[in-house]
Amino acid sequence: MKAGPLTGRRILVTSGPTHEPIDPVRYIANRSSGAQGTAIAEALVAQGAEVVFVTGPADAARPRGVHLVEVQSAQEMMQAVQEALPVDAAVFSAAVADWRVASASDSKIKKTKQGLPKLEFAENPDILATVSQLQNGRPKLVVGFAAETDDVLANATAKRTRKGCDWIVANDVSPETGIMGGSENAVTLISEDGAESWPRMGKTEVAKILAERIAKAL
Ligand code: C5P
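Residues numbered from 1 in each chain as written. Predicted model: local features only at pLDDT ≥ 70, side-chain atom pairs only at ≥ 80, totals over all residues. Heavy atoms only, no water.

Where an unreviewed UniProt entry is consulted, the protein chain appears under the name Coenzyme A biosynthesis bifunctional protein CoaBC, with the organism given as Shimia haliotis.

A. Highlighting the site of the ligand. The environment of the ligand is formed by Phe92, Ala94, Val96, Asp98, Pro125, Asp126, Ile127, Leu128, Gly144, Phe145, Lys159 and Lys163. With respect to the ligand, the backbone of phenylalanine 92 contributes an N or O atom lying 2.6 Å from an oxygen atom. Lysine 163 places a side-chain nitrogen or oxygen 2.8 Å from an oxygen atom of the ligand. Surface burial for the ligand is 87%, taken as the share of its 450 Å² of free accessible area covered by protein chains. If you list the elements that add at least two residues to the shell around the ligand, you get α3 (127-132), β9 (141-148) and α4 (152-163). Residue classes in the shell around the ligand are distributed as 7 nonpolar, 1 polar and 4 charged. (Near = heavy atom within 4 Å. Polar contact = N/O pair within 3.5 Å; in protein donor to acceptor, adjacent residues only side chain to side chain. Areas by Shrake-Rupley, 256 points an atom, 1.4 Å probe, with all protein chains shown as cover. Helix = DSSP H or I, 4+ residues; strand = E, 2+ residues; numbered from the N terminus. Nonpolar A, V, L, I, M, F, W, Y, C, P; charged D, E, K, R; others polar.)

B. Seen up close, the packing of helix α1 (residues 35-46) against helix α5 (residues 203-217). The contact between α1 and α5 brings their axes to 8 Å, and the two run at 45°. Here α1 is positioned oblique relative to α5, judged by the angle of their axes. In this structure, α1 crosses over α5, and the sense of that crossing is right-handed. Seen from α1, the contacting residues are Ala35, Gln36, Ala39, Ile40, Ala43 and Leu44; seen from α5, they are Lys203, Thr204, Val206, Ala207, Lys208, Leu210, Ala211 and Ile214. (Axes fitted to C-alpha atoms, helices over the stretch in contact; angles between N-to-C directions. Parallel < 35°, antiparallel > 145°, perpendicular 65-115°, else oblique. Left-handed = near helix turned anticlockwise from the far one by under 90°. Contact = heavy atoms within 4.5 Å.)

Right, dumping it as structure tokens:
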């Protein structure tokens, strides 16, 4: 492991999408590639941190030098996060599905003449809010992400308060920005001190600066 400003610090990073099963062969997912979370994990490792990387089924290559935990669903991610605690800091960059199918079928749902299947949804645990609001063993620094398409700053600022995290990294994921699935990001870092917009840059560069900020804050 590399020595650096984060040597001796244990940091959790969540990344990628989650897959919420409908039946054994179908699922509900989202377009997260896991690129930003992977870059953050690698940047933290480069600063000397011990990183637990909990990822959903992401396209991005897995980061090197981390404790890798692979999960499928939001509920599995919640459990893996709980098992990874305690940590000094936690970065929640995963795009966790808000809902799951309330009762996924154990066998493949068949086409029938009786009509279309009806899916009922249940709410998934909010991992970021749960960890942010821990009474015992809360990480010193909790960082959430806000992927928004409208009123990015207002929504992300409200999200920081609602969830109880320390920082929110906000970005505009409207299709025309090319950010979701792309190699660049334009983020605004929101903390209790206010909002700071960074110029558009590569996701690895965003990760490097964020890792340096985390090192300073710990
Ligand atoms: O509420 P929303 O999904 O927009 O919040 C985004 C932030 O919350 C991200 O940091 C994401 O990783 C986290 N999140 C979570 N668990 C959920 C939903 C979101 O950790 N169930």
